[in-house]
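Secondary and tertiary structure notes
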Amino acid sequence: MATSMTCRSCGTALRPHAKFCDECGASTDSADVTEYKQVTVLFADVVRSMDLAAAMDAERWQQIITSLAERSAAVARRRGDFTGDGVMAIFGAPKALEDHAFRGCQAALEIQESARRLAEDVRVHDGVDLALRVGVNSGEVIAGAVGSASLGYSAIGRQVGMAQRMESVAPPGGVMLSIATAQLVQYVASLGEPEWVQVKGADRPVQARRLLALTPRIARQISAESNFVGRRREMAVVESMMDKTVRGQGCVMLLAGPPGLGKSRIARESAARAAARGFKVTWAFGDAHRRDVSFGVVAGLLRSALGLDDLDLDSARAQVLARFPNACAQDLSLLEDLLGIADPGVPLPAIEPDAKRLGCRTCRARNPGDRLSRFCAAGSGQHDRHERGRENARSDAEISER
């Protein structure tokens, strides 16, 4: 719902549902009015910036700050919609994002990594220690154009201030999450122990957690989940597909819908019912910001099916070799490359991208009966289906097999 019904350009009152201003003709789309949005806000600031500015030439300090802001903005734009001034980013506005908290955490860690590389250069050339604090908070804000004049797209509200407060209590070189953000990413992140911190403007300490790392997105049992109510028609379809699978008719289901509709919950409920019927359940996740990565979801599915999610590269390669001991070296190299576990010291076969896409089919043609061929056949079939439906695919992909 729009909270401001005046033209951003001239201030004229707008008619309900008007697409253009009657006075000046300016567009009145979502970028021109303010809306309530569920977002994640990121703030970053340099530790002891006043002391560092006083310790070096003003021109050099300006170069450092410019470089830091440009690197941070590049990371934020790569992870989603970036809006803000300086090192502030908003994820989930103007375009709604289901995984805004996850993207915000990814950006926070990458900004810190980029800042560490810049700090090494500053330490060598200027002899000072540069460090960054990053704070992240999630919640409802009012986002849109600020004021009747063109002051840019931004967000206001208590949650924006809390993100800045999280930045103020973050350790140098670290990322501090509010408890709201921590709860949204608790199953895909490694977090520090909850701690109580005193922030400006709060009468009592608030809870926060440090973000240490992001972990592979694997299925976990969510504690204290409420009873599943409704969705009888959808679950009846799922049960029917399971019955067909038992009869030997494999099925693929595509579940699509706007953010917040409950797709993830339906996927978890479907997996639970499949497991209760004796199916082996394998999860794979496709991130919206990686939708253009070829074989991305399929590679995640195969990694999960092979049990590679929590293994280092050497252990993962050893497990693949043990699983397919009779496969030829070229087929193994292609599979390891697909799974993202290839040995960087071993050159890959010189194959064009289109030819690599057909590599699994070639493997099956040479060895139609071996285990690697059947494994590649399953992955290739899922990829073909994924390509046909990728325009409508959403962030959660769940496949069950007997």
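Residues numbered from 1 in each chain as written. Predicted model: local features only at pLDDT ≥ 70, side-chain atom pairs only at ≥ 80, totals over all residues. Heavy atoms only, no water.

A word on the overall build of the chain
When helices and strands are tallied, the chain shows 13 helices and 10 strands. Across the 402 residues in the chain, those meeting the buried criterion constitute 38%. Here the contacts in the chain between residues at least 6 apart in sequence split such that 65% fall between residues at least 24 apart. (Helix = DSSP H or I, 4+ residues; strand = E, 2+ residues; numbered from the N terminus. Buried < 20%, exposed > 50% of the residue type's maximum accessible area, 1.4 Å probe, protein only. Contact = heavy atoms within 4.5 Å.)

Comments concerning the pairing of strand β5 (residues 175-178)
Here β5 shows no split at all, with V175 and L177 on one side and M176 and S178 on the other all buried. Pairing of β5 with strand β8 (residues 206-214), which is carried by three bridges, proceeds in the antiparallel orientation. From the neighbouring strand, L177 faces β8, where its bridge partner is R209. (Pairing = 2+ DSSP bridges.)

Description of the side chain of E336
Relative to the elements of secondary structure, E336 occurs in helix α10 (residues 329-339). For the buried residue E336, which engages in no salt bridge, the nearest side chain bearing the opposite charge is R317, 5.1 Å off. Apart from the residues within four sequence positions on either side, E336 is in contact with R317, I341 and A342. (Lys, Arg positive; Asp, Glu negative; His and termini not counted. Salt bridge = Lys/Arg side-chain N within 4 Å of Asp/Glu carboxyl O.)

Some thoughts on the nonpolar core
As a rule of thumb, nonpolar side chains are buried together in soluble globular proteins. Among the nonpolar cores identified, the biggest contains 36 residues, and L42, L130, L132, V134 and L177 are the most heavily contacted of them. Put simply, the parts of the chain that give this core at least two residues each are β1 (35-46), α2 (58-79), β2 (88-91), α3 (100-126), β3 (132-145), β5, α5 (179-185) and β6 (189-191). Broken down by element, the residue count for this core peaks at 10 residues, all from α3. If near-sequence neighbours (up to four positions away) are discounted, V134 is found in contact with L42, F43, A44, A108, Q112, E167, A170, G174, V175 and M176. With 12 residues, the next largest nonpolar core counts L306, A316, L332 and L339 among its residues. (Core = buried A, V, L, I, M, F, W, Y, C linked by side-chain atoms within 4.5 Å.)

Focus on the pattern of salt bridges
By the definition in use, this model includes 16 salt bridges. Ionic pairing is found between D121 and R60, a salt bridge with its closest N-O pair at 3.7 Å. Taken together, the positions of D121 in helix α3 and R60 in helix α2 put the pair 61 residues apart, joining distant regions of the chain. For R60, a relative accessible area of 22% corresponds to the partly exposed category. Close ionic contact of E113 with R116 constitutes a salt bridge, the shortest N to O distance being 3.6 Å.

Quick notes on α3
Spanning 27 residues, α3 covers 37 Å between terminal C-alpha atoms, matching the ideal 39 Å at 1.5 Å per step. In the segment just after α3, G127 is the residue with positive phi, at about 70°. (Expected span 1.5 Å × (residues − 1).)

Quick look at unusual backbone geometry
The backbone phi angle of R48 is positive, close to 50°, even though this residue is not glycine. On the accessibility criterion, R48 (46% relative accessible area) is partly exposed.

Concerning the packing of helix α9 (residues 313-323) against α10
The geometry of α9 relative to α10 is characterised by a closest axis approach of 11 Å and an angle of 135° between their N-to-C directions. By the criterion of interaxial angle, the relationship of α9 to α10 is oblique. Remark: the crossing between α9 and α10 carries right-handed chirality. On α10, the residues that touch R317, V320 and L321 of α9 are L332, L335, E336 and L339. Grouping the constituent residues of the contact of α9 with α10 by class yields five nonpolar, no polar and two charged. (Axes fitted to C-alpha atoms, helices over the stretch in contact; angles between N-to-C directions. Parallel < 35°, antiparallel > 145°, perpendicular 65-115°, else oblique. Left-handed = near helix turned anticlockwise from the far one by under 90°. Nonpolar A, V, L, I, M, F, W, Y, C, P; charged D, E, K, R; others polar.)

A short note on the environment of D343
As for its position among the elements, D343 is in the loop between α10 and α11 (353-357). A sequence separation of 10 residues divides D343 from S333, and the C-alpha atoms of the two residues are 8.7 Å apart.

Some remarks on the pairing of β1
When you tally the buried positions in β1, you get nine out of 12 residues, the bulk of the element. Bridge analysis of β1 against β2 gives four bridges, and the strand direction is antiparallel. When the sheet's bridge partners are listed, T40 is paired in β2 with F91.

A closer look at the packing of helix α6 (residues 232-246) against helix α7 (residues 263-276)
A pair of packed helices is captured by two measures, namely the crossing angle of their axes and the spacing between those axes. Close contact between α6 and α7 brings their axes to 11 Å; oriented N to C, the two are set at 40°. For α6 against α7, the interelement crossing comes out right-handed. Residue-level inspection shows M235, V238, E239 and M242 of α6 in contact with α7, the latter providing I266, E269, S270, R273 and A274. Here the contact of α6 with α7 is composed, by residue class, of five nonpolar, one polar and three charged.

Notes on α7
Its 14 residues place the ends of α7 20 Å apart at the C-alpha level, agreeing with the 20 Å of an ideal helix rising 1.5 Å per residue. Here α7 has its buried residues at K263, R265, I266, A267, E269, S270, A271 and A274. Directly beyond the C-terminal end of α7, a positive phi value near 95° is found at G278.

Regarding the environment of Q112
As for its placement among the helices and strands, Q112 is situated in helix α3. The class of Q112 is buried, set by a relative accessible area of 2%. Distance in space between the C-alpha atoms of Q112 and V134 is 7.8 Å, their sequence separation being 22 residues. Among all residues touching Q112, those that are not within four sequence positions of it are L132, R133, V134, G173, G174 and V175.

Concerning the confidence of the model for the chain
Do not read the predicted coordinates in detail wherever pLDDT is low. On average, residues of the chain score 77 in pLDDT, and 73% of them are at 70 or above. Per-element averaging of pLDDT across the chain places strand β10 (residues 396-401) at the bottom with 36 and β5 at the top with 96. Confidence drops under a pLDDT of 50 for residues 81-86, and excluding neighbours within four residues, the segment shows 18 contacts in the predicted structure. With pLDDT under 50 throughout, residues 380-402 is counted as low confidence; its partners more than four residues away or in other chains account for 55 contacts. (pLDDT = per-residue confidence, 0-100.)

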